[in-house]
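Chain residues, written in single-letter form:
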Amino acid sequence: MSIIGVTPIWDDDKESIWMLPGYLEGIRNAGGTPIILPLTTENNEIRRIFDICDGFLFTGGHDVNPKLYNEQPFPNLISTCEKRDTMEMALLRLAIQYNKSVLGICRGIQFINAALDDDVLLLLSEKLGIEKDNLFALDSDELREKQDALFAEACTPSMFGGNKMVLISNAG
């Protein structure tokens, strides 16, 4: 059973981490064991976390800091979490270096895309068998069903071979 590290969502008002249960349920339904990660920028701690996990789920949440992709903050930027950006960058670099799986959902996809400087292979439409332009025409239950199936498949070593980065978003 794969151990999947789940990056936490930060609550600015309560100054604490939290998690949407659906992320954890999806991992369990796919046969994995989810672990909600602490929010840290300590390199030694990040490395220990990385070594424990077989793969990672980068969750939704704050906006990705525009500095990450060499842009200025835009007018409708809500809030960012620099500590989370730093942690996810370290985990992503290690995952690529050591060939571990990464799944991005919503903000997670945006982060991966920004971190890789837009050099991302979007496999979603191909793997779901849906034309790219029709992805957002699905109702949310149908898309969630397809996402769950894709996530379960992504947890198997043979799906993509090597590094596995699955990008899923409900944002339009």
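The structure presented is a predicted model; accordingly, all values stated were derived computationally and were not measured. (Residues numbered from 1 in each chain as written. Predicted model: local features only at pLDDT ≥ 70, side-chain atom pairs only at ≥ 80, totals over all residues. Heavy atoms only, no water.)

Moving on to the pattern of salt bridges. Within this structure, the stated rule accounts for 5 salt bridges. Across the pair Asp-51 and Arg-47 runs a salt bridge whose closest N-O atoms are separated by 3.0 Å. Of this pair, Asp-51 and Arg-47 both sit in helix α2 (residues 43-52), 4 residues apart, roughly one helical turn. For Asp-85, the salt bridge is made with Arg-107, and the minimal N-O distance between the two is 2.2 Å. Taken together, the residues span a long stretch of sequence, with Asp-85 in helix α3 (residues 82-98) and Arg-107 in helix α4 (residues 107-115) at a distance of 22 residues. (Salt bridge = Lys/Arg side-chain N within 4 Å of Asp/Glu carboxyl O. Helix = DSSP H or I, 4+ residues; strand = E, 2+ residues; numbered from the N terminus.)

The next point concerns the side chain of Arg-84. The topology assignment puts Arg-84 in helix α3. Among the residues examined, Arg-84 registers a relative accessible area of 1% and is labelled buried. Within the structure, the side chain of Arg-84 is placed 3.5 Å from the side chain of Thr-7, a separation counted as a polar contact. Not counting residues within four places of it along the chain, the set of residues in contact with Arg-84 comprises Thr-7, Pro-8, Ile-9, Leu-39, Phe-58, Thr-59, Gly-60, Gly-61, His-62 and Arg-107. (Buried < 20%, exposed > 50% of the residue type's maximum accessible area, 1.4 Å probe, protein only. Polar contact = N/O pair within 3.5 Å; in protein donor to acceptor, adjacent residues only side chain to side chain. Contact = heavy atoms within 4.5 Å.)

A separate point is α3. Over its 17 residues, α3 extends 24 Å from the first C-alpha to the last, a length consistent with the 24 Å expected when each residue adds 1.5 Å. Among the residues of α3, Arg-84, Asp-85, Met-87, Glu-88, Met-89, Leu-91, Leu-92, Leu-94 and Ala-95 are the ones counted as buried. Within two residues after α3, Asn-99 carries a phi angle of roughly 65 degrees, on the positive side. (Expected span 1.5 Å × (residues − 1).)

Note on placement: Ile-36 falls in strand β4 (residues 33-36). Remark: the alpha-carbon pair of Ile-36 and Tyr-23, spanning 13 residues in sequence, is separated by 9.9 Å. Setting aside residues up to four positions removed in sequence, Ile-36 forms contacts with Val-6, Pro-8, Ile-17, Met-19 and Leu-24.

Time to look at the pairing of strand β6 (residues 101-105). Along β6, 4 of the 5 residues are buried, which leaves the element largely enclosed by surrounding structure. Bridge count for strand β5 (residues 55-58) against β6 is 4 bridges, and the pairing is parallel. Residue pairing for β6: Gly-55 is matched across the bridge by Ser-101. For the segment spanning β5, α3 and β6, crossover handedness is right-handed. (Pairing = 2+ DSSP bridges. Right-handed = clockwise from strand over helix to strand, strands pointing away.)

Right, let's talk about the packing of aromatic side chains for a bit. Describing an aromatic ring pair means giving the distance of the ring centres and the angle of the ring planes. All chains considered together, the criterion is met by 3 aromatic pairs. Relative to Phe-111, the ring of Phe-58 lies with its centre 6.0 Å away and its plane at 70 degrees, an arrangement referred to as edge-to-face. Placement of the pair is Phe-58 in strand β5 and Phe-111 in helix α4, with a sequence separation of 53 residues. Both residues of the pair, Phe-58 and Phe-111, count as buried. Aromatic ring contacts, followed pair by pair, group Phe-50, Phe-56 and Tyr-98 into a single cluster. The aromatic ring of Tyr-98 is capped on one face by Arg-47, whose charged end is 4.7 Å from the ring centroid. Lying over the aromatic face of Phe-50, Lys-100 brings its terminal NZ or CZ to 4.0 Å of the ring centre. (Phe/Tyr/Trp six-rings, centres within 6.5 Å; stacked < 30°, edge-to-face > 60°. Lys NZ or Arg CZ within 6 Å of the ring centre and 35° of its normal.)

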